[in-house]
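# Chains, contacts and geometry: an overview
Given next are the chains, with one letter for each unit.
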Amino acid sequence: MAELANVSPGTVDRIIHNRGQAAQETVDKVNAIIEKFGYKRNILASNLALNKKFHFAVFLPKSETLEYWQSQVEGIEKAAAEFGKFGIVLDYFYYDYNLSSFKESMQKVMNFDCDGLLFAPVFYEDSVQFLKEYDQKNTPVVMIDSNISEENAHAYVGQDAFQSGYLAGRLISFAVKNERQVLVFKIAREIESTSVYLQRIKGFYSYFKDHDELTNFKFSEVTIKDSGIDKLNMEMFSGISSVFVPNSRAYIVAEFLEKNNIKGVRIIGFDLLKENIEYLNKGVIDFLINQRPEQQGYLGINYLYKKLVLQETVEKIQYIPLEIILKENYFPAKR
């Protein structure tokens, strides 16, 4: 470029980076060459030369006893190892699965200066309020697991929760001609009246609403708090032929049915937890819808890397394809 403009490389550098003085004629000549040949600044090389660090805050539930969130962390750490050489530094802010711990960590995140935030909004109302306050920092946010952002104001990587429930409805309906009693079994902590949970249920019912020819399906609901099998009883399953569990706790229903020798009930749930896989392989759980938590964590950090380090334009919404897992197509990863 310097040769084409017949000036020194130092002059070109000053013009590109708007440093120092240069004659307007020279500026115009260099800019014309840039426009003609499509020069783009190597942002990554510039960052490496300046030894610039990018701090990403990671705001998640603790994962020691929660297999789903441990998978998210594995994906995040995979991205950190891959992009660490480009100046990526992760700062973790974990919270216990309760509101007081969430609020305590939330305040720490608010007081922490970073370049980008990866956030899992488990507590819906408090997460909405947090995002409103955090917007004042003008720091890019990418959410994983649950998309609570109004009008897609923030980035999101994860499942389309409504569509996953809709898919579950289709799976329940397959190859059924006789009358079926379908039980929507809600096994949840109080906090799981979140957008993901509710959107799955809404999507499930919407499938049957959109297919009004399926008149042979009747629905009922049961809600129990927490995850104790002792809260289940035989009456809950009287006449039931299919069960939809809109979270990762399908194994609780499966365990009860197996212990009580109840057969012929189609069960559909979510996530490849080891307990779910056990009953999938036994044929007690029929379908699991997998939302690839490890990939969510990886792509969340990848989004911030592309946006902030490479300064690329990145799609704000990245839906993870929904996988239908049966015992015939499940192959555990070799470790």
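Our structure is the block above this text.
Residues numbered from 1 in each chain as written. Predicted model: local features only at pLDDT ≥ 70, side-chain atom pairs only at ≥ 80, totals over all residues. Heavy atoms only, no water.

## Quick word on the packing of aromatic side chains
With the rule as written, the count across this model stands at 30 aromatic pairs. Note on F130 and Y134: the rings are 5.3 Å apart at their centroids and 35 degrees apart in plane angle, and the pair reads as tilted. Of this pair, F130 and Y134 both sit in helix α7 (residues 124-134), four residues apart, which is roughly one turn of that helix. Pair check on accessibility: F130 and Y134 agree, each one buried. Through a chain of ring-to-ring contacts, three or more aromatic side chains come together here, namely F162, Y166, F204, Y205, Y207, F208, F217, F219, F244 and F270. The ring of Y298 has K78 lying over it, and the distance from NZ or CZ to the ring centre is 5.4 Å. Between the NZ or CZ atom of R200 and the centre of the ring of F270, over which it lies, the distance is 3.8 Å. (Phe/Tyr/Trp six-rings, centres within 6.5 Å; stacked < 30°, edge-to-face > 60°. Helix = DSSP H or I, 4+ residues; strand = E, 2+ residues; numbered from the N terminus. Buried < 20%, exposed > 50% of the residue type's maximum accessible area, 1.4 Å probe, protein only. Lys NZ or Arg CZ within 6 Å of the ring centre and 35° of its normal.)

## Thoughts on unusual backbone geometry
Positive phi, normally seen in glycine, also occurs at N261, with a value near 55 degrees. Structurally, N261 is set in the loop between α10 (250-259) and β9 (266-270). Positioned with a positive phi, R292 is a non-glycine residue whose angle comes to about 50 degrees. When you line up the elements, R292 lands in the loop between β10 (287-290) and α12 (293-309). Of the residues examined, R292 reaches a relative accessible area of 26% and is grouped as partly exposed.

## A look at the pattern of salt bridges
Tallied over the entire structure, the rule returns 10 salt bridges. Between K62 and D96 there is a salt bridge, with the nearest N and O atoms lying 3.3 Å from each other. Taken together, the residues span a long stretch of sequence, with K62 in the loop between β1 (54-61) and α5 (67-83) and D96 in the loop between β2 (88-95) and α6 (99-110) at a distance of 34 residues. Judged by relative accessible area, which is 35%, K62 ranks as partly exposed. Measuring nitrogen to oxygen at the nearest pair gives 4.0 Å for the salt bridge that ties K274 to E275. (Salt bridge = Lys/Arg side-chain N within 4 Å of Asp/Glu carboxyl O.)

## Considerations on the sheet that holds strand β4 (residues 141-144)
Read from one edge of the open sheet, six strands run β2-β1-β3-β4-β5-β11, paired in parallel fashion. Pairing within the sheet leaves two strands with one partner each, and these edge strands are β2 and β11 (317-319). Within the sheet, the average angular offset between the axes of one strand and its neighbour, ignoring direction, is 15 degrees. Strand direction decides the pairing type here: β1 and β2, joined by eight bridges, are parallel. Note on β2: the bridge partner recorded for F56 is L90. The sheet contacts of α6 involve β1, β2 and β3 (116-119), and relative to β2 the element is tilted by about 150 degrees. Across the sheet, α7 lies against β1, β3 and β4, angled at about 175 degrees from β3, the strand it touches most. (Pairing = 2+ DSSP bridges. Axes fitted to C-alpha atoms, helices over the stretch in contact; angles between N-to-C directions. Contact = heavy atoms within 4.5 Å.)

## Topic: the side chain of R180
Tracing the backbone shows R180 in strand β6 (residues 180-188). Buried and unpaired, R180 has D286 as its nearest opposite-charge partner, separated by 7.6 Å. Here the side chain of R180 touches S241 through a polar contact of 3.2 Å, landing on its backbone oxygen. (Lys, Arg positive; Asp, Glu negative; His and termini not counted. Polar contact = N/O pair within 3.5 Å; in protein donor to acceptor, adjacent residues only side chain to side chain.)

## Overview of the nonpolar core
Core analysis: the biggest nonpolar cluster contains 81 residues, and F59, F130, F185, F237, V243 and I267 have the highest contact counts within it. At eight residues, α12 tops the list of elements feeding residues into this core. Contacts of F59, omitting those with residues within four sequence positions, involve F93, Y95, F102, S105, M106, V109, L117, L118, F119, A120 and F130. Counting residues in each nonpolar core, the second largest holds 17 residues, with V184, Y207, F217 and F287 among its members. (Core = buried A, V, L, I, M, F, W, Y, C linked by side-chain atoms within 4.5 Å.)

## Some thoughts on the environment of D96
In this structure D96 comes out as partly exposed when scored by relative accessible area, which is 32%. Residue contacts for D96: discarding those within four places in its chain leaves K62 and S101.

## A look at α12
The terminal C-alpha atoms of α12 lie 24 Å apart, and with 17 residues this matches the ideal 24 Å at 1.5 Å per residue to within 8%. The element α12 is extensively covered by neighbouring structure, given that 13 of its 17 residues are classed as buried. Once α12 ends, the next one or two residues include Q311, with phi positive near 55 degrees. (Expected span 1.5 Å × (residues − 1).)

## Comments concerning the pairing of β10
Because side chains alternate across β10, one face comprises the buried residues F287 and I289, and the other comprises L288 and N290, equally buried. Summarising the sheet, β9 and β10 pair through three bridges and their orientation is parallel. Bridging from a neighbouring strand, F270 pairs with I289 of β10. Remark: the β9/helix α11 (residues 274-282)/β10 crossover connection has right-handed handedness. One ladder, built from three bridges, connects β10 with strand β12 (residues 323-325); its direction is antiparallel. Its bridge partner lying in β12, L288 is registered against I325. (Right-handed = clockwise from strand over helix to strand, strands pointing away.)

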